[in-house]
Amino acid sequence: MQAKVCGLTTSEQVKTCVSHGANFCGFILNYKKSHRFINYETAEQLTQIDRQNTFYVGVLVNPSEKELKKFSKLNLDYFQIYGDYTEEKVREIKKNYKKKIIISLQIK
């Protein structure tokens, strides 16, 4: 089993997750409605923390090309994308921004 802790907002939270062996640390990057949203500067700082064996994930909701380009500059291993994307579009994002992709499905 793997563990992903999402919505991290402080260096203390990230360091705790990394030191306890979390597989993934997630950061809410473009969804300002979330109380766990962090701005770019905070994301930049948090993704510079020594990750050891943990992967960093940028969580994006319906990201624009401008946002994808901007957030691809962060020290992230994955983009976790919420939205309606075709398989072709996902492959294009992966190729263009050199990130592994996690697609989130919302079930209603």
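Above this text sits the structure in question.
A quick note: this is a predicted structure, and the numbers were derived from the prediction, not measured.

**Q** Could you clarify how one ought to interpret the nonpolar core in this entry?
**A** Soluble globular proteins tend to bury their nonpolar side chains together. Membership of the largest hydrophobic core comes to 25 residues, with the highest contact counts inside it found for Val14, Phe27, Leu29, Tyr56 and Phe79. Among the nonpolar cores identified, the runner-up in size contains 5 residues, and Phe24, Ile28, Val59 and Tyr78 belong to it.

**Q** Can you help me understand helix α4 (residues 87-97) in this one?
**A** Side chains of residues three or four places apart in an α-helix project in the same direction, reflecting 3.6 residues per turn. Buried within α4 are the following residues: Val90, Ile93 and Tyr97. Here the buried residues of α4 occupy an arc of 60° about the axis, which is enough to place them on one side. Residues of α4 that are exposed and point over 90 degrees away from its buried face: Glu87, Glu88, Arg91 and Lys95. Where α4 terminates, the next one or two residues include Lys98, which has phi positive at roughly 55°.

**Q** Even after reading the chapter, I still don't get the pattern of salt bridges, so can you show me in this structure?
**A** A side chain with one charge may pair with a side chain of the opposite charge, provided their charged atoms come close. Under the definition given, this model contains 4 salt bridges. Measuring nitrogen to oxygen at the nearest pair gives 2.1 Å for the salt bridge that ties Asp77 to Arg51. One end of the pair, Asp77, is in the loop between α3 (65-71) and β4 (78-82); the other, Arg51, is in the loop between α2 (40-46) and β3 (55-61), with 26 residues separating them in the sequence. On the basis of relative accessibility, which here comes to 15%, the residue Arg51 falls in the buried class. The closest approach of N and O atoms between Lys89 and Glu92, which form a salt bridge, is 3.3 Å. With Lys89 and Glu92 both in helix α4 and 3 residues apart, this pair spans about one turn of that helix. Residue classification places Glu92 among the partly exposed positions, given a relative accessible area of 34%.

Thresholds, definitions, all that
Residues numbered from 1 in each chain as written. Predicted model: local features only at pLDDT ≥ 70, side-chain atom pairs only at ≥ 80, totals over all residues. Heavy atoms only, no water. Core = buried A, V, L, I, M, F, W, Y, C linked by side-chain atoms within 4.5 Å. Buried < 20%, exposed > 50% of the residue type's maximum accessible area, 1.4 Å probe, protein only. Helix = DSSP H or I, 4+ residues; strand = E, 2+ residues; numbered from the N terminus. Arc of directions from axis to C-beta. Salt bridge = Lys/Arg side-chain N within 4 Å of Asp/Glu carboxyl O.

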